[in-house]
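# Residue-level structural notes
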Amino acid sequence: MDNFLFHAGTKIYFGKGEIKNLAQEIHTYGTNVLLVYGGGSIKKNGIYDQVISLLSDCNVIELPGIEPNPRIETVRNGVTLCKKNRIDVILAVGGGSVIDCSKVIAAGMYYDGDAWDLVTTPAKIKKVLPIVTVLTMAGTGSEMNKNAVISDMKTNQKLGTASNEMIPKVSILDPQYLYTLPAKQTAAGTADIMSHIFENYFKEDETAFVQDAFAEGLLRSCIKYCPIALKEPENYEARANLMWSSTLALNGLVGAGKAGPWICHPIEHELSAFYDITHGVGLAIVTPRWMRHILNEKTVEKFAQYGKNVWGIAEEDSFVCANKAIDCTEQFFRDCGIPMTLSELGINDTHFEKMAEKAVRIGGLENAFVPLKQRDVVEILQKCL
Ligand code: NZQ
Ligand code: ZN
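Criteria and thresholds
Residues numbered from 1 in each chain as written. Chains lettered and ligands numbered in written order. Predicted model: local features only at pLDDT ≥ 70, side-chain atom pairs only at ≥ 80, totals over all residues. Heavy atoms only, no water. Core = buried A, V, L, I, M, F, W, Y, C linked by side-chain atoms within 4.5 Å. Buried < 20%, exposed > 50% of the residue type's maximum accessible area, 1.4 Å probe, protein only. Contact = heavy atoms within 4.5 Å. Helix = DSSP H or I, 4+ residues; strand = E, 2+ residues; numbered from the N terminus. Arc of directions from axis to C-beta. Domains from an automatic or database assignment. Buried area = accessible area lost by both parts, 1.4 Å probe. Salt bridge = Lys/Arg side-chain N within 4 Å of Asp/Glu carboxyl O. Polar contact = N/O pair within 3.5 Å; in protein donor to acceptor, adjacent residues only side chain to side chain. Nonpolar A, V, L, I, M, F, W, Y, C, P; charged D, E, K, R; others polar. Near = heavy atom within 4 Å. Areas by Shrake-Rupley, 256 points an atom, 1.4 Å probe, with all protein chains shown as cover.

## Observations regarding the nonpolar core
Among the nonpolar cores identified, the biggest contains 70 residues, and Phe 202, Trp 290, Phe 303, Tyr 306 and Ile 338 are the most heavily contacted of them. Setting aside chain neighbours within four positions, we find Phe 303 in contact with Phe 202, Met 291, Ile 294, Leu 295, Ala 322, Ala 325 and Ile 326.

Here is the structure:
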C-alpha cells in the first residue's frame, strides 16, 4: 500500500428531511448566495421551492441551466455573477454537473485570468468560495471530493481539474431527492459509481486489502440496489444505498494508497468531448471491452477475485471465473437498460484515432496497470461499436 493523504473535509447530512440544516449551514458563510442548478428538474420536483423558502432571509442570485457535461462558457458566466454580486457562498443543487460547475466558479472568484486556466492548470486554484451542495443524483461523488470536469465543446476538450480547496464544505444527501431521477440517469449513475471503483480496484498493488474490501462491498451494493431502484423508483432503501455508495466510491477511500492512472474515464471523456454523451453510459460501454482487452496471465487473479467476491462465481479455473465476471458486468449494464454499443448512440469510428491519441496522452495510459498505447485504445473503441 502506497503512502497517501486522505482529506475528506465535507460535513454530510444524510437522510430524510436533512435539508432542515441548510439555512444554518449557509449562514455560517454569509447571506449573499449564488444558487446554481440545472435544466429544471428541481423546479418540477419541488426541491427548488424548498430551498428558496429556507433561504428567505438571504440574497439569492440564480445561475440556472447548467448543462450535463458543464461548459466553460457557463463557468465564466458564474464567475462574472460572483464578482458582480460579491457572493459569499455557492449553493449547488443538482448532480455532478451542477456541483462541478460550481467548484470552478468558486475558484474563478479569486482568479484574475480566464477560468479555463483553472481547468488546464489545477495549481492555479488557490483560494475558493465555500461550496454547499444539495445532491439530486447518485453517481459522481462530486459532493465529497476535490474534482471537477469541465468541457470546451469548441475544441473537443473535456478535462478534469482538482484541488482540495474545492471540496464542498457541506453536502445534504436526502435519498428521497432521487425518486424523480429517470431510469436512464439511475442506471448511468450506477455505472459511474461502479467505474470509479473499478478504476481503483484493478491496479498493480495487491496489498491494499482494506480498500479492496470496501470496493467489493460497494460494488455488491450497486448490483443489489440499482435493479430495485429501477423497478421501484421510490424505494428508500435502494436510493439510500446507491446515494451513499456514490459518495464513498469517490471520496478517496477506495483509491487511497493505490497509485496509477485511470483508464475508462480518459477514454469516456474523449467520447463526451466529441459527442456530448452521458458520462455513465460511455463508461458502461467501454468497461467490459477494456476488461477483456487487459485480461491476461498478469491480471487474471484480480479478475477472478472480482468474480468470486463480487459476483459469487464459484469456479476453480481463474480464466473461466474472470471471463464469467466480465460477462456478468456487461449483462448487468444491459439489464439496467443502458445501450451497450457506440453505434446505438450514433457514434462511428471517424474520430477514434484522435480520441485514442488524446486519451493515452492526457490520461497517461502508458503507465497503467496494463499499459495501453493508442492502437490498444482504438481496438477497445472498435469493440464498442
Ligand atoms: O439538469 P436537470 O434538469 O437538473 O436534469 C439532470 C440532468 O439532465 C437530471 N437530474 C439530476 N437529478 C435529478 C434529475 N432529474 C430528475 N430528478 C432528479 N433528482 O439528470 C441529468 C444528469 O445530471 P448530471 O449532473 O449531468 O449527472 P451526473 O451526476 O452524472 O454528472 C455528470 C458530470 O460529472 C462529471 C461527468 O464527466 C459529467 O460531466 N464527473 C464528475 C466527477 C467528479 N466531480 O468527481 C467524476 C466523474 O467521473 C465524472 O467525470
Ligand atoms: Zn465517473
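## Some remarks on helix α1 (residues 22-29)
Three or more residues of α1 are buried, namely Leu 22, Ala 23, Glu 25 and Ile 26. An end-on view of α1 places all buried positions within 165° of arc, on one side of the element. Here the buried face of α1 lies against β1 (11-14), β2 (32-37), α3 (47-54), β4 (89-94), β5 (131-135) and β8 (170-173). Following α1 by one or two positions, Gly 30 adopts a phi angle in the positive range, close to 140°.

## What about the domain arrangement of the chain?
Per the domain assignment, the segments making up the chain are domain 1 (11-177) and domain 2 (181-383). Taken over C-alpha atoms, the centre of domain 1 sits 26 Å from the centre of domain 2. Each partner contributes residues to the interface: domain 1 has 28 residues there, and domain 2 has 28 residues. Interface area for domain 1 against domain 2, summed over the two sides, is near 2200 Å², with a carbon-plus-sulfur share of 62%. Summed over the shared surface of domain 1 and domain 2, the number is two salt bridges. Between Asp 276 and Arg 71 there is a salt bridge; the shortest N-O distance is 3.0 Å. Joining domain 1 to domain 2, the criterion identifies ten residue pairs in polar contact (both at pLDDT 80 or more). Elements that contribute at least two residues to the side of domain 1 that touches domain 2 include exactly β1, β6 (147-152) and β7 (157-162). Of the residues belonging to the side of domain 1 that touches domain 2, the class tally is twelve nonpolar, eleven polar and five charged.

## Things to note about the site of ligand 1
Inspection of the region around ligand 1 gives 31 residues, with Gly 39, Ser 41, Gly 96, Ser 97 and His 196 positioned closest. In this structure, a nitrogen atom belonging to ligand 1 sits 3.2 Å away from a main-chain N or O atom of Asn 147. With respect to ligand 1, the side chain of Thr 180 contributes an N or O atom lying 2.8 Å from a nitrogen atom. Considering ligand 1 on its own, with 950 Å² of exposed area, one finds that the protein chains cover 89% of that surface. When residues of the shell around ligand 1 are traced back to their parent elements, those giving at least two are α5 (96-108), β6, α7 (183-201) and α10 (264-275). Looking at the shell around ligand 1 residue by residue, the classes come out as eight nonpolar, 20 polar and three charged. Two domains share the shell around ligand 1, each providing at least three of its residues, namely domain 1 (11-177) and domain 2 (181-383).

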